[in-house]
Each structure stands twice: as structure tokens, then as C-alpha cells.
Amino acid sequence: MRIALLGGTGDIGQGLALRFAHDTDHEVLIGSRDPEKARDAVETYEDELESRGAESNVKGFANEMAADRADVVILSVPPYYAGDTVEAVEDDLDSASILVTPAVGMQGDEDGLHYHPPGTGSVTELVAERAPDEVPVVGAFHNLAADALSDLDNDLDLDTLLVADDDNAKETVRNLANEIEGLRALDVGPLANAAEVESVTPLVINIAKYNEELHDVGVKFH
């Protein structure tokens, strides 16, 4: 399978790229508005993987080319770029594509971060509104700390919560997430439940803010 990470040069993109490249046999495509920036990121990721004796199967492209080549397209961009990024690559998506969004709308003040969804109710639903009708959208990877993902010395023991209206797309992403060692994907129902999932992210970040020993805190359900 080919996994494209649009905006894959950022923190969450780096973390997911390294984990997919290290823990799975899938091909990882790093996308960026600037293809040269994508290729530079690939060199950094390759160095990290090769230092651990892992074979690298990571390539860099412009976002549109990465999306066109991929089976699963992950929008690893800030929430305020998510809708525009979807529209920029919509001609490169079709019914065989699966669009995944981990973005969460948040606003910060001196007390911490607070959930701030768009008018549609959640970023996941916003992405679904902007995506072509035939492209299934899955919300996933929202509550994961980018630093914890990027540090391959860090053994994960975390859950990620999935929402989607298309059960087949959700199952594909669930299986993909479960291939990352120490990560378990849990089904939380349709896209209408995305706000509840996304709102966990500022909670997790605030826990990390006020508890130094929990810097890379995530969620695990028992």
C-alpha cells in the first residue's frame, strides 16, 4: 500500500512517516507544497531509519503528485490548511482513495489549549464537506503526541480513535494503524462523533502542560 502524508514535513507528518516506514512494509510518500522541502525531509527520515538498520521506502513529492500515487492520503497539516489542501488535491483523488485527517481545531491562552471546532462541528466533518463526494474520509491519529511518534526509541502503548461513515475505509485505516507497533485503533462510530474524539486532544495537551512527568501523554482505554 502507498501512504501519502500531505504536509509530511511537519511534526505529526514526521512522526507518522517514521513509524509507518519503520514498522510496516508500506511505501511512504512525503508531500509538501514545495517538492524540494519534501525531498529534504525524506533525506532526514532516511538517515534516521538507516541509523537503525531499517530499510527506507520513503519518497518526496509535491502534494498533488503524492496524493495521485497513494491509496491512503493523510492530511498531516494544521487545521486551518486542511480544507484548502483537500481542494488543492481533489483532482488527484477518486473513489479508490481514502482521505484521513488527524487535525484538531484549538485555541490557546495562558491557561492552556481549548477545543475550537469550525462551524461544521469538527475538522473531520469539514474535510468530508470539502472532499469529493466519492472519496471516503476517516478521522484518525488525533490524540497522538508528535514527539512520542518521532522518537523511535519510545515504545508506544497508545490508542487512536477512528470515525468514518464508510465502514470499509475505516477498517482499512484501522488495520493500517494497528500495524504501528504499540498502537491500537478503536472504532468510535460515524463522522458525527468526530467532535468528541477531537476534543480529547486539547485535554491531553493540557495534562502534559501541567504534569512534567507526562510530557508525551496519550490515551489508552481499558
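Right above here is the structure, for reference.
With the rule as written, the count across this model stands at two aromatic pairs. Consider the rings of Y80 and Y81, whose centres lie 4.8 Å apart with planes at 65°: the pair is edge-to-face. Since its relative accessible area comes to 61%, Y80 is described here as exposed. Y81 gets classed as partly exposed once you look at its relative accessible area, which sits at 37%. We note R33 situated over the ring of Y81; from NZ or CZ to the ring centre the distance is 5.3 Å. Between K209 and the ring centre of Y210, over which it is positioned, the NZ or CZ distance is 5.5 Å.

A cluster of like negative charges, contributed by D34, D40, E43, D47 and E50, occupies part of the molecular surface. With respect to the element layout, E50 can be found in helix 2 (residues 35-50).

We now examine helix 1 (residues 11-23). One full turn of an α-helix is made of 3.6 residues, so residues set three or four places apart face in the same direction. Taking 1.5 Å of rise per residue, 13 residues should cover 18 Å, and helix 1 covers 18 Å from first to last C-alpha, within 8% of that figure. Along helix 1, the residues classified as buried are I12, G13, G15, L16, A17, L18, R19, F20 and A21.

The rules behind the values
Residues numbered from 1 in each chain as written. Predicted model: local features only at pLDDT ≥ 70, side-chain atom pairs only at ≥ 80, totals over all residues. Heavy atoms only, no water. Phe/Tyr/Trp six-rings, centres within 6.5 Å; stacked < 30°, edge-to-face > 60°. Buried < 20%, exposed > 50% of the residue type's maximum accessible area, 1.4 Å probe, protein only. Lys NZ or Arg CZ within 6 Å of the ring centre and 35° of its normal. Patch = residues over 30% accessible without salt bridge, like charges linked within 9 Å, V, L, I, M, F, W, Y side chains within 5 Å. Areas by Shrake-Rupley, 256 points an atom, 1.4 Å probe, with all protein chains shown as cover. Salt bridge = Lys/Arg side-chain N within 4 Å of Asp/Glu carboxyl O. Lys, Arg positive; Asp, Glu negative; His and termini not counted. Charge placed at Lys NZ, Arg CZ, Asp CG, Glu CD. Helix = DSSP H or I, 4+ residues; strand = E, 2+ residues; numbered from the N terminus. Expected span 1.5 Å × (residues − 1).

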